[in-house]
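Observations on chain architecture
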4 protein chains.
Amino acid sequence: MTDQLAELRTDTAIAPLPDANKVYNVGVYGATGYSGQVLMSLLKKHPNTRIVFATSESSKESIDGLELVPVAEAPLASADVVFLALPHGVAGQVAAQAVEQGVHVIDLSADLRLDTPELYKQVYKHDHPAPHLLPAPFGLPEFNRHKLYNAQYIANPGCHVTTVLLALYPLAKNGALTADPIIADTKTGISGAGKALKLESMFAEVYGDVRPYNAGRQHRHVPEIEQELHKLQTDVGQLIFVPHIVPVDVGLLATVYAHVKPGWDKQRIQQAFEAAYADEPLVTLLPQGKAAQMKQAVHKNNAIVAVTEMVGNTVIITSALDNLRKGAASQALQNFNAMMGLPETTGLL
Amino acid sequence: MTDQLAELRTDTAIAPLPDANKVYNVGVYGATGYSGQVLMSLLKKHPNTRIVFATSESSKESIDGLELVPVAEAPLASADVVFLALPHGVAGQVAAQAVEQGVHVIDLSADLRLDTPELYKQVYKHDHPAPHLLPAPFGLPEFNRHKLYNAQYIANPGCHVTTVLLALYPLAKNGALTADPIIADTKTGISGAGKALKLESMFAEVYGDVRPYNAGRQHRHVPEIEQELHKLQTDVGQLIFVPHIVPVDVGLLATVYAHVKPGWDKQRIQQAFEAAYADEPLVTLLPQGKAAQMKQAVHKNNAIVAVTEMVGNTVIITSALDNLRKGAASQALQNFNAMMGLPETTGLL
Amino acid sequence: MTDQLAELRTDTAIAPLPDANKVYNVGVYGATGYSGQVLMSLLKKHPNTRIVFATSESSKESIDGLELVPVAEAPLASADVVFLALPHGVAGQVAAQAVEQGVHVIDLSADLRLDTPELYKQVYKHDHPAPHLLPAPFGLPEFNRHKLYNAQYIANPGCHVTTVLLALYPLAKNGALTADPIIADTKTGISGAGKALKLESMFAEVYGDVRPYNAGRQHRHVPEIEQELHKLQTDVGQLIFVPHIVPVDVGLLATVYAHVKPGWDKQRIQQAFEAAYADEPLVTLLPQGKAAQMKQAVHKNNAIVAVTEMVGNTVIITSALDNLRKGAASQALQNFNAMMGLPETTGLL
Amino acid sequence: MTDQLAELRTDTAIAPLPDANKVYNVGVYGATGYSGQVLMSLLKKHPNTRIVFATSESSKESIDGLELVPVAEAPLASADVVFLALPHGVAGQVAAQAVEQGVHVIDLSADLRLDTPELYKQVYKHDHPAPHLLPAPFGLPEFNRHKLYNAQYIANPGCHVTTVLLALYPLAKNGALTADPIIADTKTGISGAGKALKLESMFAEVYGDVRPYNAGRQHRHVPEIEQELHKLQTDVGQLIFVPHIVPVDVGLLATVYAHVKPGWDKQRIQQAFEAAYADEPLVTLLPQGKAAQMKQAVHKNNAIVAVTEMVGNTVIITSALDNLRKGAASQALQNFNAMMGLPETTGLL
């Protein structure tokens with residue numbers, strides 16, 4: 001970390017700015033999805049937010065007295081900031097409207113994550129809904145919080161992306177990785193697949209099973225991970241990524257196998273991780289040799305990272321988080337906090 | 001049990017008839033549902049069956065080289081017997097066609113279970129698809145196997161029905177129940193809800209939950225249970241039935257609270273259960289004071305029954321089975337065996 | 001509810017007393033058990049508590065910088081109040097020492113729950129460790145919070161006890177129950193069995209199973225439930241209680257079948273529940289006809305209660321809570337709040 | 001595969017030898033552990049076995065009328081063959097006694113798996129109990145069934161060993177692997193940890209968690225895998241092995257990342273797998289591009305293997321089995337069948 005960054009980070013994480021008592025009007029798009037539900041409960045307890053509207057296409061019920069409305073009927077202009085837990089394609093359109101009206105945006109969808117419309121189209125198979133917003137500040141505060149301060153809009157990363165990048169960040173930022181392929185084998189709860197009705201998300205299918213899917217380079221999170229990784233170190237190898245559905249509702253564990261250049265031994269690696277995460281309030285680094293377990297992160301707002309073992313020049317890093325929290329909703333709030341200059345942990349500890 | 005019945009049961013359960021080596025051509029309607037899948041695997045191992053066709057509306061794959069066809073294209077006449085794991089309403093139509101063509105029918109749907117079209121319409125809210133087939137022999141062999149021998153068609157009971165009736169049969173047939181309400185509190189795996197895509201069947205919903213539904217007298221299995229119970233004892237009380245979805249894929253446990261007339265103590269009740277089940281190969285009676293556990297019956301073809309405890313004149317009976325086996329597919333085969341005069345356990349032990 | 005009680009309750013639940021900013025020194029006995037762990041996390045966030053020591057016989061690790069010590073080495077006198085998440089027999093001894101030294105006690109064990117040493121010995125098969133403390137104020141604030149204000153010590157009820165009593169309280173306090181047996185069929189997560197190493201608590205045993213145990217009147221919570229029920233209505237019937245282990249870690253659902261006197265119909269029953277719970281911040285009453293689900297209460301500090309259905313004079317009430325929270329640790333804090341005159345929900349919403 | 005081997009395999013797999021009707025007297029050591037229980041149920045249905053005794057140190061109950069005895073009281077000489085589902089250290093002693101008395105042995109423990117007492121001591125930290133029996137025929141029939149015919153004793157491989165070796169066998173036997181490290185990331189049910197009472201095997205611990213353990217080269221199965229791999233190809237890289245406990249009772253999935261020499265593309269790799277497994281009755285090879293799922297193998301006696309994806313020269317192979325069946329008990333029977341010249345699938349399909 002450069003001194004400048006460190007300074008920014010330390011300052012912000014500790015000292016609340018003068019508007020710490022300000023209450024922002026918040027609109028939540030997609031309040032009844034799995035991420036949206038957690039987001040709503042976190043916003044409810046956040047001292048600086050007041051939910052002024054929430055949308056749902058599927059439900060007309062009200063939440064704590066707040067009537068749910070369809071996206072099309074949401075009073076966008078009544079909000080200071082909106083959180084978009086919408087499908088990709090739709091989220092970008094709302095983001096563009098919000099930005100145009102001077103409303104701040106935290107986009108939990110994939111629409112603002114990739115830096116170019118070309119890459120987006122290649123991955124998502126349709127034109128980008130708001131290319132003029134790209135590239136957006138990428139909302140992984142542990143990497144680049146200085147880009148988030150006062151941002152008009154922020155792209156909240158995918159859950160796998162946060163998990164895998166937290167495992168690789170201290171190595172990549174120090175240029176420690178070789179050009180050999182990096183292997184990320186992840187185990188994830190089914191809520192990551194959302195509430196869409198699919199046979200493979202039914203209880204009787206997931207129960208008792210571990211199911212690999214989109215193995216290799218097929219998953220949409222691969223280009224997102226590589227894009228950010230390359231900003232830290234240009235000469236890294238390809239990512240080989242195999243996610244597995246495991247029979248839990250929430251939770252995400254990545255077991256990452258990375259190869260390091262000569263001179264990087266266990267101790268030096270652990271030191272790099274300590275330098276990166278010792279002061280991070282929402283990343284817990286375990287002692288060297290321990291392994292992150294999924295459950296340590298479930299229902300929590302922090303990620304768990306561990307330098308677990310080293311064999312030859314292959315280091316095994318384990319990284320866990322709650323896919324609906326540090327992988328989605330609580331990270332969105334952390335980004336909101338950074339955006340507004342609030343202490344990043346506000347409403348999250 | 002009357003002497004006559006006992007004789008029939010004993011004879012059949014033990015002595016295979018001369019056509020024990022005959023192989024029947026079998027058609028399976030609804031081969032890709034949860035019950036259908038188990039039925040296919042059981043039929044495959046049954047020494048007296050050869051699957052000649054199998055239907056699926058959702059899949060065009062083949063199973064062990066057998067191409068799946070839609071119901072409308074099934075070569076009904078090529079079968080000696082068909083098993084119907086179809087939705088109610090549809091099953092009855094196929095049953096009528098089969099009977100007309102002289103094909104034997106084991107109907108796993110609800111269509112042939114209720115004795116009158118009037119009761120059926122009241123419960124299922126549409127006209128009965130084949131009223132001339134009612135009343136059909138009710139396929140609970142432990143109750144009335146003599147009605148199943150040489151039957152042209154048999155109604156396979158619902159999973160809750162089998163579980164609850166096995167818990168009450170030895171009491172009701174001896175007239176031991178009072179007119180007080182009988183309470184059946186059941187815990188069931190989600191596969192009982194089938195493969196229909198519903199939010200409440202999704203993994204992230206069922207996981208970690210226990211969910212009561214259709215409490216009281218709302219469940220469609222209530223009239224089916226009461227119909228059969230009244231054939232055993234006319235002056236029994238109403239059934240109060242509360243099923244609960246528990247986070248397992250298969251399995252069904254009933255905890256039944258019944259009230260008995262004076263003179264019925266633990267020992268006499270246990271003796272009545274022993275008289276009813278001691279010789280039953282597919283019902284396992286536990287020693288008095290034990291409780292049936294769901295897992296004892298899962299992936300097995302037999303039910304477990306126990307006279308668990310008695311408080312005052314309330315007896316607590318626990319009863320467990322695999323809802324896809326003794327609650328559906330293996331009971332269907334047991335009924336087929338009885339129908340054809342084969343030893344009832346053929347292909348099931 | 002008498003007017004006097006209602007007044008006390010309303011006042012206390014709403015208006016914090018002048019010492020709302022006081023911080024109490026708290027000692028936690030048994031900090032590493034399942035209840036103890038939740039208690040520690042709740043105390044950490046409670047604005048009026050500072051943990052000064054925590055005990056564990058099994059672990060010498062520290063929690064958030066606090067070194068764990070054995071019970072024998074705990075600096076009892078340094079605490080204003082102690083929470084006892086200890087085995088019965090041991091807890092009572094510590095309670096007696098604490099009371100003697102003027103330290104307040106919230107006892108999560110069974111030692112102070114039963115009103116007489118004779119009943120205790122009958123149930124727990126050994127002499128009471130501190131008979132002079134009996135009877136203790138029974139810590140179910142929704143019943144009798146007036147007895148908890150300024151109490152020196154409070155008996156925190158068992159998890160099944162809270163669940164079942166919340167289902168029966170509005171009926172019993174109105175004398176609505178008949179003398180017929182009351183049936184409580186409960187479904188509970190395995191954490192209720194604690195961390196003791198037993199084969200029946202192993203993952204491979206509990207997984208996929210539903211297991212009844214201690215059916216009838218064998219469970220130690222039966223006399224506790226009946227003792228409190230009889231304080232509300234003397235002429236109620238016996239409790240028939242069948243708990244079932246279901247494959248979840250936390251959660252408790254009771255399905256209660258109670259019989260009511262003439263004149264009690266659905267509406268009147270629902271009104272009695274509304275009168276009892278409408279103002280209760282930690283009991284959520286569902287609309288009449290709904291059913292409580294386990295998951296609605298899991299990881300939450302409130303219980304869920306519903307008047308689910310009525311058949312004849314049998315009313316089906318469903319009641320759910322988190323056995324480690326409203327069934328143990330958060331109820332302990334609610335009791336602490338009442339004891340100290342703090343708003344009952346302090347640290348719990 | 002050499003022609004000679006192919007011949008042997010084909011002959012044996014298809015044609016039963018003249019003693020196909022012989023019934024062997026079988027003794028089961030360790031009948032009440034998780035593997036032992038499955039073994040008992042498989043032996044019961046095997047047409048060529050009669051269980052003459054079964055041992056258990058923990059239980060004195062009887063199984064199907066067979067009284068369980070402690071190891072010390074087992075009538076070893078009454079058996080033609082014994083299956084040892086005993087702890088390592090103990091199993092080797094019983095194996096030596098059996099061999100001395102001319103009794104055949106299938107050892108499910110680790111005692112006979114490693115080829116030298118020196119390696120054994122290094123891994124298991126105590127002297128080998130029967131060094132004169134080493135090296136023992138290694139019971140992975142798909143590799144080396146010719147060594148199993150008429151063997152006096154066979155070492156049944158570990159569950160992880162079978163899973164990982166089946167994923168690598170077709171590559172290694174063709175010398176296709178580079179010297180780069182091979183990564184095996186496995187996900188396993190908790191029954192692999194046995195019935196020993198440990199906190200980390202308790203339901204409340206395993207539920208909702210994914211837990212890596214013994215990462216890198218710490219697991220005892222690493223030398224066993226490498227020993228057998230080196231017999232197929234000498235110049236392979238080190239194995240990096242990270243097992244993970246997932247919340248299921250049974251099942252094992254390996255995701256293997258191996259690097260292949262130039263000239264090996266997807267098609268050639270798939271062909272090598274087809275050549276190896278097309279005729280194997282207990283290994284199911286999926287079409288190229290598919291992934292093995294844990295559930296496809298659970299409660300089944302066959303393993304599932306798939307060449308799932310290729311990125312650069314890294315091939316991703318997925319392999320699944322039931323750790324108590326093809327990973328233990330059914331493989332033991334397959335080995336018994338091979339030993340006695342019976343068709344290998346006898347009692348297993």
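Note that residues are indexed from 1 along each chain, following the sequence as it is written. To label them, take the chains in the order written and letter them from A, then take the ligands in the order written and number them from 1. Given that the model is predicted, a residue must reach a pLDDT of at least 70 before its local features are reported, and side-chain atom pairs must reach 80 or more before they are shown or counted; all residues, however, enter totals for whole chains, interfaces and linings. Only hydrogens and water are set aside when side-chain values are computed; all heavy atoms of the structure are taken into account.

**Overview of the interface of chain C and chain A**
Every contact between the two is made by five residues of chain C and, on the other side, five residues of chain A. By definition here, a salt bridge exists when the distance from a side-chain nitrogen of Lys or Arg to a carboxyl oxygen of Asp or Glu is within 4 Å. In this structure, the connection of chain C to chain A is made through zero salt bridges. Contacts between residues were defined by any pair of non-hydrogen atoms, one from each residue, lying within 4.5 Å.

**Structural notes on the relation of the copies chain A and chain D**
Least-squares fitting of one copy onto the other uses the C-alpha atoms of those residues that reach a pLDDT of at least 70 in both copies. Superposing chain A onto chain D takes a rotation of 180° plus a shift of 0.0 Å along the axis, which leaves an RMSD of 0.0 Å. Taken together, the turn and the small shift mark the pair as related by a two-fold rotation axis. Taken together, the interface assignments show that 100% of the residues at the interface of chain A recur at the interface of chain D, consistent with an identical surface on both copies.

**Remarks on the domain arrangement of chain A**
All names here are of chain A. Parsing chain A into structural domains produces domain 1 (2-156 + 328-340) and domain 2 (160-321). Each partner contributes to the interface: domain 1 provides 21 residues, whereas domain 2 provides 24 residues. Note on definitions: buried area is the accessible-area loss of two parts on being combined, 1.4 Å probe, summed for both. The junction of domain 1 with domain 2 conceals about 2,100 Å² of combined surface from both sides, 55% of it contributed by carbon and sulfur atoms. Our enumeration of links across domain 1 and domain 2 arrives at three salt bridges. Here Arg-113 ties to Glu-224 by a salt bridge, and the two come within 3.5 Å at their closest N and O atoms. Throughout, the edges of the domains are those of an automatic or database domain assignment.

**Observations regarding empty space enclosed by the protein**
Whether a set of points on the 1 Å grid over the protein atoms alone is a cavity depends on a 1.4 Å probe fitting there but being unable to get out, while an open set qualifies as a pocket with protein on both sides within 12 Å along at least five of seven lines; lining residues are those with an atom within 4 Å of a point. Grid points are joined across faces, edges and corners, and a volume is the space filled by probe spheres set on the points. Counted by the stated rule, this structure contains seven cavities of 30 Å³ or more. What the largest cavity holds in volume is close to 120 Å³. Around the largest cavity, the lining comprises 13 residues; the ones closest to its centre are Tyr-207 of chain A, Tyr-207 of chain B, Tyr-207 and Pro-247 of chain C together with Tyr-207 of chain D. Ten residue types, Ala, Val, Leu, Ile, Met, Phe, Trp, Tyr, Cys and Pro, are classed as nonpolar, four, Asp, Glu, Lys and Arg, as charged, and the remainder, Gly among them, as polar. Considering only residue class, the lining of the largest cavity consists of twelve nonpolar, one polar and no charged.

**Notes on the relation of the copies chain C and chain A**
With an RMSD of 0.0 Å, chain C superimposes on chain A once it is rotated by 180° and translated 0.0 Å along the axis. Interface overlap between copies is the fraction of interface residues in one copy that are interface residues in the other; for chain C against chain A it reaches 100%, indicating a shared surface.

**With respect to the sheet that holds strand S6 (residues 104-107) of chain A**
Residues and elements named next belong to chain A. Here we have seven strands laid out as an open sheet, ordered S3-S4-S2-S1-S5-S6-S7, and mixed in their pairing. Strands with a single pairing partner mark the edges of an open sheet, and in this sheet they are strand S3 (62-63) and strand S7 (153-155). Pairing between strands is defined by DSSP: at least two bridges between the two strands are required. In DSSP terms, a helix is any run of H or I states spanning at least four residues, a strand is any run of E spanning at least two, and both are numbered starting from the N terminus. Sheet topology note: the strand S1 (residues 24-29)/strand S2 (residues 49-55) ladder contains five bridges and is parallel. In the strand pairing of S2, Val-26 is matched with Ile-51. Docked against the sheet, helix H2 (residues 34-45) engages S1, S2, S3, strand S4 (66-69) and strand S5 (81-84), running at close to 155° with respect to S2. Between N-to-C directions, angles cover 0 to 180 degrees, with each direction set by a line fitted to C-alpha atoms, over the stretch in contact for helices.

**Brief notes about the packing of aromatic side chains**
Stacked, tilted and edge-to-face are the three classes assigned to paired rings of Phe, Tyr and Trp, where Trp is represented by its six-membered ring and a pair needs centres within 6.5 Å; plane angles under 30 degrees give stacked, over 60 edge-to-face, the rest tilted. In total, this model carries 36 aromatic pairs over all chains according to the counting rule given. Taken together, the ring pairs connect Phe-203 and Tyr-207 of chain A, Phe-203 and Tyr-207 of chain B, Phe-203 and Tyr-207 of chain C together with Phe-203 and Tyr-207 of chain D into an aromatic cluster. Lys-195 of chain C extends its terminal NZ or CZ atom over the ring of Tyr-34 of chain C, reaching a point 5.2 Å from the ring centre. For the cation-ring pair, Arg-268 of chain C lies above Trp-264 of chain C, with the distance from its terminal atom to the ring centre recorded as 3.8 Å. The criterion is that NZ of a Lys, or CZ of an Arg, lies within 6 Å of the ring centre and within 35 degrees of the ring normal, and then a charge sits over that ring.

**Describing the pairing of strand S14 (residues 314-321) of chain B**
Residue and element names in this part refer to chain B. Residue burial is assigned from relative accessible area. The probe radius is 1.4 Å, only protein chains are included, and a residue is buried under 20% of its type maximum, exposed over 50%, and partly exposed in between. Counted residue by residue, S14 has eight buried out of eight residues, so it is predominantly covered. The two faces of S14 match: Thr-314, Ile-316, Thr-318 and Ala-320 on one face and Val-315, Ile-317, Ser-319 and Leu-321 on the other face are all buried. With eight bridges joining them, strand S11 (residues 252-259) and S14 adopt antiparallel strand pairing. Paired with Leu-253 across the two strands is Ala-320, which belongs to S14. Sheet analysis places strand S13 (residues 303-311) next to S14, joined by seven bridges and oriented antiparallel. By the bridge assignment for S14, Ile-304 is matched with Ala-320. Taking the residues between adjacent antiparallel strands as the criterion, S13 and S14 are bridged by two residues, where Gly-312 takes a positive phi near 60°.

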